[in-house]
Amino acid sequence: MKPESFAFVLFGATGDLAKRKILPALFEAHRAGLLPADGRIVGVARGQLDADGYRNWISTHVPEHLPSGVAGDPAWIEFLARISYLPLDLSAKSDFLALKAVLDDIDGVRVFYLATGPSLFVPTCQALAAVGLNVNARVVLEKPLGHDLHSSDAINDAVGELFEEQQIYRIDHYLGKESVQNLLALRFGNVLFEPLWRREWVSNIQITIAEELGAEDRGEFYDSTGALRDMVQNHLLQLLAIVAMEPPHSMDSDSVRDEKLRVLRALKPIKPADVPSMAVRGQYRDGVIRGQSVPAYVDEKGVTPASITETFVALKVEIENWRWAGVPFFLRTGKRLAGRMAEIVVNFRPVPHSAIDATGSSAPAPNRLVIRLQPNESIRLYAQAKKPGERMNLANVYLDLAFDQFFRQAQMEAYQRLLLDVIHGRLSLFVRRDEQETAWKWVDPLLKAWGRGEGTPKPYAAGTWGPASASALLAQHGTCWLEEEN
Ligand code: BG6
């Protein structure tokens, strides 16, 4: 297929996301020869810069986010040659007419990437449409899209009046991770797992996204957002949907998204009375991470000193369908935890009858599948083996698939993959409106309960695995988080 040319218009061109993720991803795509040669990138923001000023800004701020650097790389110079800049005031139609004039000189599809706060999504789309820039165009919306169900509906309604659903790319960068797509390959490319992937054989599933980072320089944004909106409503529920979905009939965008949607619709609704027994929220205090002292959340820049914003969430979730009825899914995410890792743990049921000395230390441990998404993507299947020796003693051993050893090839970073998908018009790794609405609908009662001040976040020391009540949530079901066992 001939690559399409494109004009990539980056709103929020001098923002944090632009420098940390979007521009590095575009550069890596360019360096790998994956960007159509005629494609151009136009930064837009309020600041009064010219193209050279913006290229200087990029040269100052972007290379530190490129692990292999740019020094002496001719690709960097070529990349900068693709870039221009336009100062733009959202309320000035003349500025959008100027943008249109710039774009009229560039061939190919127009991509408008809104790396801005959600409150600017609607005015930006309206201003684009007012000058006819909603034709031959794709618009990329960053998460969180809105603050709750109501505000996300309002944005989706307004944007939906100006752009067709097929033109709207709601980005959830977890879907761009190679490891998350590998989960689809694992489930639907093998016969081994599918027969066991159900309530008869699975006792519980844990999904963790743990971070060592704190609020960093996003304190103000994070304080009005919190972990439930920042990570659960999108990344964690998307992972849950992929783990629990039925096999799609094909990998086309709507088949996959239809199946994810069915899972989201089957989530057991949260009743206010159930909140204390199914949800834990926490907030980090000061502590030590990798030998460095780190401040408490409330002492981070931009955070209000009396903040009760959660930096940690643990949930027990149930899926009301034949495959999963009665199987608890435990979700967990937090900042300033003891390690950076994202992992899915499928705990299988114990053998129905153990012929092997079930009372002794050699009682068989249940099988377990551990899918490590990051860092070091791997899949481990824990099984029982006999320890060498005279007696029948069992040991927990594992089959290990470490993908970096199989594929001696660097993985494509999530944003790079997703930006290429937008340029080439591939929608399957983007979130459809109904998926997103259903996720908000499910989360909303919890937001409301916490918004009413029911319970306050439990403190946890930075550098630990979160508040003790997160362990108690699992203990009620006779289980524990995986790292507590090791
Ligand atoms: C983002 C959140 O969506 O995901 C951040 O807004 C979080 O708060 C980040 O740090 C985590 O992504 P990753 O890819 O580093 O696990």
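Since we're looking at a predicted model, the values are computed, not measured. (Residues numbered from 1 in each chain as written. Predicted model: local features only at pLDDT ≥ 70, side-chain atom pairs only at ≥ 80, totals over all residues. Heavy atoms only, no water.)

What follows covers the UniProt feature "binding site: substrate" (unreviewed entry) in the protein. Annotation from UniProt places "binding site: substrate" (unreviewed entry) at H173, K177, E211, D230 and K335. Within the secondary structure, H173 is located in the loop between β6 (168-170) and α7 (178-188). Here D230 is to be found in helix α9 (residues 226-244). D230 has contacts with K143, R218, F221, Y222, T225, H235 and K335, leaving out every residue within four places of it along the chain. (UniProt positions renumbered as here; feature names shortened; annotations may be inferred. Helix = DSSP H or I, 4+ residues; strand = E, 2+ residues; numbered from the N terminus. Contact = heavy atoms within 4.5 Å.)

Here the focus is the site of the ligand. Neighbouring the ligand are K143, H173, Y174, K177, E211, R218, D230, M231, H235, K335, R340 and Q374. Within the side chain of K177, an N or O atom sits 2.6 Å from an oxygen atom of the ligand. A distance of 2.8 Å separates an oxygen atom of the ligand from a polar atom in the side chain of K335. Relative to its free-state accessible area of 400 Å², the ligand is covered by the protein chains to the extent of 84%. Looking at which element gives the most residues to the shell around the ligand, the answer is α9, with three residues. Its residues assigned to classes, the shell around the ligand comprises two nonpolar, three polar and seven charged. (Near = heavy atom within 4 Å. Polar contact = N/O pair within 3.5 Å; in protein donor to acceptor, adjacent residues only side chain to side chain. Areas by Shrake-Rupley, 256 points an atom, 1.4 Å probe, with all protein chains shown as cover. Nonpolar A, V, L, I, M, F, W, Y, C, P; charged D, E, K, R; others polar.)

Let's shift gears to the sheet that holds strand β4 (residues 109-114). In space, the six strands of this open sheet follow the order β3-β2-β1-β4-β5-β6, with parallel pairing throughout. Two strands close off the open sheet at either side, each with one partner strand: β3 (83-87) and β6. Averaged over all pairs of adjacent strands, the angle between strand axes in this sheet comes to 20°, irrespective of strand direction. In terms of strand pairing, strand β1 (residues 6-11) meets strand β2 (residues 40-45) through five bridges, oriented parallel. (Pairing = 2+ DSSP bridges. Axes fitted to C-alpha atoms, helices over the stretch in contact; angles between N-to-C directions.)

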